Amino acid sequence: TIAIIGGLDADLIMIANRIPDRGESVLANEYLEALGGKGANSAIATHRACHKKPSQHEGEPEIRGLSEPTNVDKHLQKAGTHDESEDNIQVKMIGAVGDDRYGERFIVELNKNGVDASGIAVVPDTRTSVCFVMVENQTRENRCLFTLGATASWKTEDFLKPEDLGNGMRPDLVVAQMEIAKDIVETMIETAGKAGIDFCLNAAPATPIIKQAYRYLTHLLVNESEAAIMSGRDREEVNEDTWGVIAQEFLSRGVQNVVITLGAKGAFYATKTESGLCPAYDVKVVDTTGAGDTFTGAYTSDYLRQKALGKWDIRNAVVRSNKAAAITIQSIGAQGGIPWADEIDEFKAP
Ligand code: ADP
């Protein structure tokens, strides 16, 4: 079991010709709602990266998210009934939602997407986290503002036992992002580390964590801005000349595997024995939302798959993750374009 612990938020997305300045209002061209949050996206990405795409009937719509609920339901019910798993990896989402319409929808949608949603708590009298996403039409760059929502009710005492990390069951791997309070993340890392459970921290959005926590990390996945924050540097200091130095710093704090994703440049990886760059694929970018989450899902599922076979080749996992992310960024929205295992394996570099 992979336990994904992280944020579930409803993405309220506006696409406009430009993002407003302070005090300014700009007319948007388009408004979309989608279920997102790095936790939810990673959970779906991980599930798909371990399973073949369920067969789809002609003419059926692709998954689009909340804005087309009727079609989504139709498609997802089919998706949810498939049984073509190649691996026995079960993805369990550990999260919290409010008792509102978004919360209810999350549980339904994640279950339909093959993710075990039994670890999602519905917290009374709270709201599900939302994320306002402003996308600039031409550059496709985005800016986000989000609330912690129901996960703000979590306490460090809730994560002191290994079973707390898997909703009553000890997971094989925990994947966490940082859309939850930092002290909770630190507690979870320590709990997993002391119990010998593999832990992958996708430090997004980044907040520096206590130095002692690093030694319990099996994997640290960061993009360049997150690498800057986690290593106490300015963003400009993270470049081709420093990826190796920064990765080395994380390794010396005790992390076993470091991956720095580099957007269109690909990803840099390092362990105690090897390091290198895996270039990205030259695809037509439509929307980079969810690229990092897809990368994480493909990477962690490959780690467990390789581990089950008694091996670990980090480069293999990074190459596969670049492919998965390259597929995602060719369609709009965080979840719609997340690829399945067979789609990743069949991906041909353009
Ligand atoms: P995040 O989305 O978390 O900010 P990155 O921007 O580093 O992270 O992107 C994550 C991964 O997505 C990259 O390592 C790469 O594999 C893929 N990716 C992102 N942008 C592009 C791009 N323009 N072309 C090809 N691949 C990309």
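For the structure itself, look to the data block above.
All values derive from a computational prediction rather than experimental measurement.

## Side note on the sheet that holds strand 5 (residues 116-123)
Working step 1: A sheet is described by the order of its strands in space; here nine strands give the open sequence 5-4-1-8-9-10-11-12-13, paired in mixed fashion. Each edge of the sheet is formed by a strand with only one pairing partner; in this case those strands are strand 5 and strand 13 (275-278). Strand after strand, the sheet turns through a mean of 15 degrees between neighbouring axes, direction not considered.
Working step 2: As judged from the five bridges shared by strand 10 (residues 219-223) and strand 11 (residues 257-261), these two strands associate in the parallel manner. Paired with L220 across the bridge in strand 11 is V258.
Working step 3: Across the sheet, helix 4 (residues 182-195) touches strand 1 (2-5), strand 8 (173-177) and strand 9 (198-202), and the angle it forms with strand 9 is around 155 degrees.

## Description of the packing of helix 1 (residues 38-50) against helix 7 (residues 291-308)
Working step 1: It is the contact of helix 1 with helix 7, at a shortest axis distance of 7 Å, that shows an interaxial angle of 45 degrees. Here helix 1 lies oblique to helix 7, going by the angle between them. Here helix 1 and helix 7 pass one another in a crossing that is right-handed. In this structure, helix 1 contributes K38, N41, S42, A45, T46, A49 and C50 to the contact, and helix 7 contributes D293, T294, T296, G297, A298, T300 and S301.
Working step 2: Here the contact of helix 1 with helix 7 is composed, by residue class, of four nonpolar, eight polar and two charged.

## Let's talk about the pairing of strand 4 (residues 91-98)
If a strand is regular, its side chains alternate between the two faces of the sheet.
Working step 1: In terms of burial, strand 4 is a largely internal element, eight of the eight residues being buried.
Working step 2: Because side chains alternate across strand 4, one face comprises the buried residues V91, M93, G95 and V97, and the other comprises K92, I94, A96 and G98, equally buried.
Working step 3: The pairing of strand 1 with strand 4 spans four bridges and is parallel. Residue pairing in the sheet places I2 in a bridge with V91 of strand 4.

## Looking at the pairing of strand 10
Working step 1: Strand 10 sits mainly inside the fold: four of its five residues count as buried.
Working step 2: Pairing of strand 9 with strand 10 involves three bridges; the strand directions are parallel. By the bridge assignment for strand 10, C200 is matched with H219.

## Points about the site of the ligand
Working step 1: Around the ligand, the structure places 15 residues, and the nearest of them are N223, T261, G263, G266 and N322.
Working step 2: Here G263 contributes a backbone N or O atom positioned 2.8 Å from an oxygen atom of the ligand.
Working step 3: In the environment of the ligand, an oxygen atom lies 2.6 Å from a nitrogen or oxygen atom belonging to the side chain of N322.
Working step 4: Starting from 550 Å² of accessible surface for the ligand in isolation, the protein chains cover 81%.

Rules used in this analysis
- Residues numbered from 1 in each chain as written.
- Predicted model: local features only at pLDDT ≥ 70, side-chain atom pairs only at ≥ 80, totals over all residues.
- Heavy atoms only, no water.
- Pairing = 2+ DSSP bridges.
- Helix = DSSP H or I, 4+ residues; strand = E, 2+ residues; numbered from the N terminus.
- Axes fitted to C-alpha atoms, helices over the stretch in contact; angles between N-to-C directions.
- Contact = heavy atoms within 4.5 Å.
- Parallel < 35°, antiparallel > 145°, perpendicular 65-115°, else oblique.
- Left-handed = near helix turned anticlockwise from the far one by under 90°.
- Nonpolar A, V, L, I, M, F, W, Y, C, P; charged D, E, K, R; others polar.
- Buried < 20%, exposed > 50% of the residue type's maximum accessible area, 1.4 Å probe, protein only.
- Near = heavy atom within 4 Å.
- Polar contact = N/O pair within 3.5 Å; in protein donor to acceptor, adjacent residues only side chain to side chain.
- Areas by Shrake-Rupley, 256 points an atom, 1.4 Å probe, with all protein chains shown as cover.

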